[in-house]
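Here is what each chain is made of, one letter per residue.
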Amino acid sequence: MSEQNTRTIELKNIDPRLLFGSNHVLLKSIESSFDAQIVARGDTIWITGDESALVETLFYDLFERLRLHGEISEQYLSYAISFIKESGRGPATEMELSSELSTVVKLDVRPRTVGQKAYIEAVEKYDIVFGIGPAGTGKTYLAVAEAVAGLKNKLFNRIILVRPAVEAGESLGFLPGDIRAKVDPYLRPVYDALHDMLPADKIKKLMELGVIEIVPLAFMRGRTLNNSFAILDEAQNTTVPQMKMFLTRIGEGSKAVITGDVTQIDLDRKRLSGLIAIQKILRNISDVKFCYLTDKDVVRHRLVKDIIRAFERYEEGRR
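This report concerns the structure included in the present document.

What counts as what
- Residues numbered from 1 in each chain as written.
- Predicted model: local features only at pLDDT ≥ 70, side-chain atom pairs only at ≥ 80, totals over all residues.
- Heavy atoms only, no water.
- Helix = DSSP H or I, 4+ residues; strand = E, 2+ residues; numbered from the N terminus.
- Buried < 20%, exposed > 50% of the residue type's maximum accessible area, 1.4 Å probe, protein only.
- Contact = heavy atoms within 4.5 Å.
- Areas by Shrake-Rupley, 256 points an atom, 1.4 Å probe, with all protein chains shown as cover.
- Core = buried A, V, L, I, M, F, W, Y, C linked by side-chain atoms within 4.5 Å.

### Some thoughts on the overall build of the protein chain
So, step 1. In terms of helices and strands, the protein chain carries 11 helices and 9 strands.
So, step 2. Within the protein chain, the fraction of its 319 residues that count as buried is 47%.
So, step 3. If you take every contact in the protein chain between residues at least 6 apart in sequence, the share linking residues at least 24 apart comes to 69%.
So, step 4. Just so you have it, the protein chain exposes about 17,000 Å², and 49% of that area is on carbon and sulfur atoms.

### Description of the environment of Met220
So, step 1. With respect to the helices, strands and loops of the structure, Met220 is situated in the loop between strand 6 (212-216) and strand 7 (228-232).
So, step 2. You can call Met220 buried: its relative accessible area is 0%.
So, step 3. For the pair Met220 and Val162, spaced 58 residues apart in sequence, the C-alpha separation works out to 8.4 Å.
So, step 4. The contacts of Met220, once residues within four sequence positions are left out, are Ile160, Val162, Val215, Leu225, Met245 and Arg249.

### Side note on the nonpolar core
Note on soluble globular proteins: their nonpolar side chains tend to be buried together.
So, step 1. Counting residues in each nonpolar core, the largest one holds 36 residues, and the members touching the most others are Tyr119, Val144, Leu161, Leu194, Ile212 and Ile214.
So, step 2. The leading source of residues in this core is helix 6 (residues 139-152), at 7 residues.
So, step 3. Leave out the neighbours within four places in its chain, and Leu161 touches Val144, Val190, Leu194, Ile212, Glu213, Ile214, Val215 and Ile231.
So, step 4. Counting residues in hydrophobic clusters, the runner-up holds 30 residues, among them Val55, Leu62, Tyr79 and Ala92.

Okay, here's the thing in structure tokens:
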């Protein structure tokens, strides 16, 4: 092996099985992603090629990831490769929160991207936060996690989860059953997030006590939410008056997180999305924070990111 343009890394207290993955699946993914050749023998890694410096940065980032969490997932590796190619630095340390987001019970919730970390920190710092981005970026999921953590730590007395019921183009009155049965299909994603973080019997009890409320946006008029953590999900499907109505419900000791994807608006074309308008209306209010997540923050199946990008190219072509 030529010494020219060769970088050498020594594995000190690093388990090669964790670093390279089962059957070297992680190592193969690294090699296929960079213009570089990697040779690993014993406790030494040799890297040659035009992008050897980036690969070296990646390996040291993976060392840090192992130190912090003891594992490297294919999802994390894919994100780290993309992040390093764009910025030239590793994301492992940047993704760590200064505070521990603990919803205990069922799941260890932590940011999986640098964008998600910035979003979580904004929710903890500001009373009104907008999380705007494509599907799969954790907008609603992380907001629910923060709400549950806040309730557990007695920062809030209630969690209010709100959604506009317009996806199917039907009025609630046409759906069968009582109000709970009418609303449930629209709020299923919120239920799913809750069930990842709390046992079913605990959720049922808290809902019976009114500590957790899951309601359609139409039922928020006239209310004042004190000492509450309120989440408005799918906010791209609100009208401007509805957005104003929700934001003016916030009372003392409360926090509001508004999430949505402006590329998935189901409103009649004649009506302007409240989520689009509010970015202009509130842009000069310093204590309101807008967080923008991108396809780089997608944490669902790896193909979701590719699908989102394909649709973006398709829409750009149509325009």
